[in-house]
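Descriptive analysis of the structure
So the chains spell out like this:
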Amino acid sequence: MPIYHKLGKIPAKRHTQFQKPDGSGLYYEQLFGTIGFDGMASLMYHIHRPTQVMQILDSKDLNPKLADTHQLMMRKLIGFNVQAKDDFLDSRVPLLVNKDCIIGLAAPRQSLREYFYKNADADELLFIHKGSGTLRTQLGNISFEYGDYLVIPRGMIYQIDFDTADNRIFYIESHSPIYTPKRYRNHFGQMQEHSPFCERDYKLPENLETHDEKGEFIIKIKKQNQLHSLVYQYHPFDVVGFDGFNYPWGFSIHNFEPITGRVHQPPPVHQTFQTDAFVVCSFCPRLYDYHPQAIPAPYNHSNIDSDEVIYYVDGDFMSRNDIAQGHITLHPGGIPHGPHPGAMERSIGKKETQELAVMVDTFRPLMLTEDALKLDDGKYFHSWID
Ligand SMILES: [Fe+2]
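Looking at an unreviewed UniProt entry, one finds the protein named Homogentisate 1,2-dioxygenase, with Emticicia soli as its source organism. The Cofactor (unreviewed entry) field of the UniProt record for the protein holds the comment "Fe cation". The record held by UniProt for the protein lists under Sequence similarities (unreviewed entry) the comment "Belongs to the homogentisate dioxygenase family."

What follows is the structure, given as structure tokens:
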């Protein structure tokens, strides 16, 4: 996250003595970084040592149950058929998986307050389709609502509060860090003028919660697809201040300013995030192409190198028929895809689209889980036949 941010109290100089105001000793500094000491990092200051593990409890296997590992079939998954569950972690349903990422859906009914959660395997990108609330983290809180992306860097300890029980989340766990697209950043990391969004749009953590509490605090830690439960002696939100570049942040899809042209613009203009292994694009309401002979619907294209996943959020998706909110389509690499019959003709002369969707293009093929097959409509691949 290439913006310097700070909250709370920090010493004037890093790695120096930072006295507690009551004279009881020093605060405990922790470097929270990625990619060894090479990636983005923050320095946080704890009231207590962050290493005080009291017990290591059971662990649970979270390896997704794979059903189809070598597939070449266009799929449509009916996402809202995913069952709502009370617990935030139990509600997560991994659907599409490869070595680089897990893509899934969740419909949690209750706020996460019983324990804390840390994903040590992956950065998490949560897209909020339904619901609102507050992401509460060690490094401050972010309020969220419909349309927000929440980026949670690996290792961040968090809880999440929901305002109501009706929540729908499309999520990605990424084994490489999630960044904004490099081509929009200048040498200094600042978003440039041709970027469809900029730093002013970001939701940065605020309202740092600092708890000085002794007890038994369970942190569920995901590591190597196992969920370990560790009991710590102090409340993990005991940070009095931090500064740096590595922290959770948010961005609303409604703040993505679409790039349009006289003729059809390719998918990279919709790009919102990048990793080493996939990109995420936002398809937002926008004016259509304005060449007098323009065809606003996309041309057929061969995604030889990547699998394309689209999660449909709202509006009419202009290139596809029979698509509803919460559907996920998968167009595997190796075969071309394109508009449904009639979609090209239908698009001619149209001035604008209200479509809202999130696309994930992975560079390695995706495998389907057993849960994904349960949501699969089974006939989508046939729907281009004359
Ligand atoms: Fe495509």
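Right, let's talk about the coordination of the iron ion for a bit. Around the iron ion, the protein contributes the donor atoms His 301 (NE2), Glu 308 (OE) and His 337 (NE2), which lie 1.9 to 2.2 Å from the metal centre. Considered as a linear motif, the donors of the iron ion on their single chain read H-x6-E-x28-H. Taking relative accessible area as the criterion, His 301 reaches 26% and is therefore assigned partly exposed. By relative accessible area, which is 5% here, Glu 308 ends up buried.

Attention now goes to the sheet that holds strand S10 (residues 123-130). Reading across the sheet, the eight strands line up as S5-S29-S7-S8-S15-S10-S13-S19 and stay open at both edges, with antiparallel pairing between neighbours. Edge positions in the sheet fall to strand S5 (66-68) and strand S19 (249-252), since each has one partner strand and no second. Across the sheet, the axes of successive neighbouring strands diverge by a mean angle of 25°, strand direction being ignored.

Turning our eyes to something else, we now look at the pairing of S19. Within a regular strand, the side chains alternate between the two sheet faces. Every second residue of S19 is oriented toward a common face, with Trp 249 and Phe 251 on one face and Gly 250 and Ser 252 on the other, all of them buried. Bridging between strand S13 (residues 148-152) and S19 involves four bridges; their strand directions are antiparallel. Along S19, the bridge assignment pairs Asp 148 with Ser 252.

This part covers the sheet that holds strand S21 (residues 278-283). Pairing is antiparallel in the open sheet, where six strands are placed in the order S6-S25-S24-S28-S21-S20. In the strand order of this sheet, the two ends are held by strand S6 (75-78) and strand S20 (271-274), each with one partner. Here the average twist between neighbouring strands, direction ignored, is 20°. Two elements, S21 and strand S28 (residues 356-362), share six bridges in a ladder whose sense is antiparallel. By the bridge assignment for S28, Phe 278 is matched with Thr 362.

All right, on to unusual backbone geometry then. Positive phi, close to 50°, is recorded for Ile 35, a residue that is not glycine. Mapping Ile 35 onto the fold places it in the loop between strand S2 (28-33) and strand S3 (41-46). Residue classification places Ile 35 among the partly exposed positions, given a relative accessible area of 49%. A positive phi angle, near 50°, is found at Asn 207, a position not held by glycine. As for its placement among the helices and strands, Asn 207 is situated in the loop between strand S15 (168-174) and strand S16 (214-223).

As annotated by UniProt and renumbered to match this structure, "domain: Homogentisate 1,2-dioxygenase N-terminal" (unreviewed entry) occupies residues 109-251. In residues 109-251, helix accounts for 0% and strand for 50%; the two terminal C-alpha atoms are 23 Å from one another.

Let's shift gears to the nonpolar core. Ranked by internal contacts, the top residues of the largest apolar core, which has 71 residues, are Phe 88 and Phe 170. A total of five residues in this core trace back to one element, the largest contributor, which is strand S8 (residues 101-106). The residues contacting Phe 170, other than those within four sequence positions of it, are Ile 103, Gly 104, Leu 105, Leu 125, Leu 126, Phe 127, Tyr 311, Ile 328, Val 358 and Val 360. Among the nonpolar cores identified, the runner-up in size contains nine residues, and Val 279, Cys 281, Ile 310 and Ile 323 belong to it.

Overall, the coordinates contain 15 salt bridges when judged by the stated rule. A salt bridge links Arg 364 to Asp 100; its shortest N-O distance comes to 3.0 Å. One end of the pair, Arg 364, is in the loop between S28 and strand S29 (367-369); the other, Asp 100, is in the loop between strand S7 (92-97) and S8, and 264 residues separate them in sequence. On the basis of relative accessibility, which here comes to 37%, the residue Arg 364 falls in the partly exposed class. Classification of Asp 100 as buried rests on a relative accessible area of 13%. Here Lys 222 and Glu 173 are joined by a salt bridge, their closest N and O atoms 2.7 Å apart. Remark: Glu 173 occurs in strand S15 and Lys 222 occurs in strand S16; sequence separation between them is 49 residues. Here Lys 222 matches Glu 173 in class, with each residue buried.

So, about the side chain of Thr 362. Structurally, Thr 362 can be placed in strand S28. Here Thr 362 falls in the buried class, since its relative accessible area comes to 0%. Residues in contact with Thr 362, not counting those within four places in the same chain, are Asn 98, Cys 101, Ile 103, Ala 277, Phe 278, Asp 305, Ser 306 and Asp 307.

Right, let's talk about the packing of aromatic side chains for a bit. Here the structure, examined in full by the defined rule, presents 20 aromatic pairs. Consider the rings of Phe 197 and Phe 251, whose centres lie 4.6 Å apart with planes at 40°: the pair is tilted. On the criterion of sequence distance, the pair formed by Phe 197 in the loop between S15 and S16 and Phe 251 in strand S19 is long-range, its members being 54 residues apart. A relative accessible area of 3% means that Phe 197 is categorised as buried. Among the aromatic residues, ring-to-ring pairing joins Phe 127, Tyr 149, Phe 197, Tyr 202, Trp 249, Phe 251, Phe 256 and Phe 273 into one connected group. The aromatic ring of Tyr 171 is capped on one face by Arg 92, whose charged end is 5.0 Å from the ring centroid.

The rules behind each value
- Residues numbered from 1 in each chain as written.
- Predicted model: local features only at pLDDT ≥ 70, side-chain atom pairs only at ≥ 80, totals over all residues.
- Heavy atoms only, no water.
- UniProt positions renumbered as here; feature names shortened; annotations may be inferred.
- Donors = N, O, S within 2.8 Å, 3.2 Å for Na, K, Ca; no water.
- Buried < 20%, exposed > 50% of the residue type's maximum accessible area, 1.4 Å probe, protein only.
- Pairing = 2+ DSSP bridges.
- Helix = DSSP H or I, 4+ residues; strand = E, 2+ residues; numbered from the N terminus.
- Axes fitted to C-alpha atoms, helices over the stretch in contact; angles between N-to-C directions.
- Core = buried A, V, L, I, M, F, W, Y, C linked by side-chain atoms within 4.5 Å.
- Contact = heavy atoms within 4.5 Å.
- Salt bridge = Lys/Arg side-chain N within 4 Å of Asp/Glu carboxyl O.
- Phe/Tyr/Trp six-rings, centres within 6.5 Å; stacked < 30°, edge-to-face > 60°.
- Lys NZ or Arg CZ within 6 Å of the ring centre and 35° of its normal.

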